[in-house]
Amino acid sequence: MEVLENLTYEDLNVGDSATYSRTLTEEELILFAAVSGDVNPLHLDSEFASQTIFKERIAHGMWSGALISAALATVMPGPGTIYLEQTLKFRSPVKLQDVLLVRLTVKEKLPKGRVVFDCLVTNQAGEVVVEGESKVIAPNAKLVLERPTLPKIIIGGGDDD
């Protein structure tokens, strides 16, 4: 059994950091497009994307933002975290099969359980793809939970199926 364990506001100190990693697969790209409704051909159409400055399909920028959210919700502070604010600067494109590493670092502890995190997302080559800041309300009670098992999702051929 895999567990999720949080860090409470009291557990967190300025300078503490944690990481979360994920690979952008074809399936992840398609699922993100389906869930978000963002069907920009830059993400989905190889021929279209080949004519852009990137020369190939790239991830939705907010896929990286979603990884930051996942890191906050599952790693640090973890379960019970309430997301309040996010600023993002997109520095480099994320391409299929890129392995992204999210690094969260406690920047500041504020009153009422609020915590500001520096967020840095790099690819497998160490290039910064996204940087920014997040503000959350950290949990005030310790939680250790069984990690939910998500269903397997099979991608079909679209509306015609």
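One structure accompanies this document, and this report is about it. Model, not experiment: these values are computed from the prediction.

**Some words on the nonpolar core**
- Judged by nonpolar contacts, the single largest core of 26 residues is most densely connected at Ile68, Val102, Leu104, Val115 and Phe117.
- Of all the secondary-structure elements, those providing two or more residues to this core are strand S2 (17–23), helix H4 (61–74), strand S4 (99–109), strand S5 (114–122) and strand S6 (128–137).
- Looking at this core element by element, the count peaks at 5 residues for H4.

**Some details on the layout of surface pockets**
- Quantified by volume, the largest pocket comes out at close to 700 Å³.
- If you go around the largest pocket, you meet 20 residues; those closest to its centre are Tyr20, Arg22, Glu28, Leu31 and Leu150.
- When the residues that make up the lining of the largest pocket are grouped by side-chain class, the tally is 14 nonpolar, 2 polar and 4 charged.

**What about helix H1 (residues 26–36)?**
- Along H1, the positions that sit buried rather than exposed are Glu28, Leu29 and Ala33. Across the axial projection of H1, the buried residues extend over an arc of 135°, all falling on one side. When the buried face of H1 is taken as reference, the exposed residues oriented beyond 90 degrees from it are Ala34 and Val35.
- At its buried positions, H1 is contacted by S2, helix H2 (41–44) and H4.
- Gly37 sits one or two residues past H1 and shows a positive phi near 85°.

**Notes on H4**
- For H4, with 14 residues, the first-to-last C-alpha span of 21 Å sits near the 20 Å given by 1.5 Å per residue.
- Taken together, the buried positions of H4 are Trp63, Ser64, Gly65, Leu67, Ile68, Ala71 and Leu72.
- Taken together, the buried residues of H4 touch S2, H1, strand S3 (82–90), S4, S5 and S6.

**Focus on the pairing of S5**
- Both S4 and S5 contribute to a ladder of 8 bridges, which runs antiparallel. Its bridge partner lying in S5, Lys109 is registered against Val115.
- Connecting the antiparallel pair S4 and S5 is a turn made up of 4 residues, with Lys112 showing a positive phi of about 60°.
- Across 9 bridges, S5 lies against S6 in antiparallel orientation. In the strand pairing of S6, Cys119 is matched with Gly132.

Reading the values: the criteria
- Residues numbered from 1 in each chain as written.
- Predicted model: local features only at pLDDT ≥ 70, side-chain atom pairs only at ≥ 80, totals over all residues.
- Heavy atoms only, no water.
- Core = buried A, V, L, I, M, F, W, Y, C linked by side-chain atoms within 4.5 Å.
- Buried < 20%, exposed > 50% of the residue type's maximum accessible area, 1.4 Å probe, protein only.
- Helix = DSSP H or I, 4+ residues; strand = E, 2+ residues; numbered from the N terminus.
- 1 Å grid on protein atoms, 1.4 Å probe; cavity = no way out; pocket = protein on both sides within 12 Å on 5 of 7 lines; lining within 4 Å.
- Points joined across faces, edges and corners; volume = space filled by probe spheres on them.
- Nonpolar A, V, L, I, M, F, W, Y, C, P; charged D, E, K, R; others polar.
- Arc of directions from axis to C-beta.
- Contact = heavy atoms within 4.5 Å.
- Expected span 1.5 Å × (residues − 1).
- Pairing = 2+ DSSP bridges.

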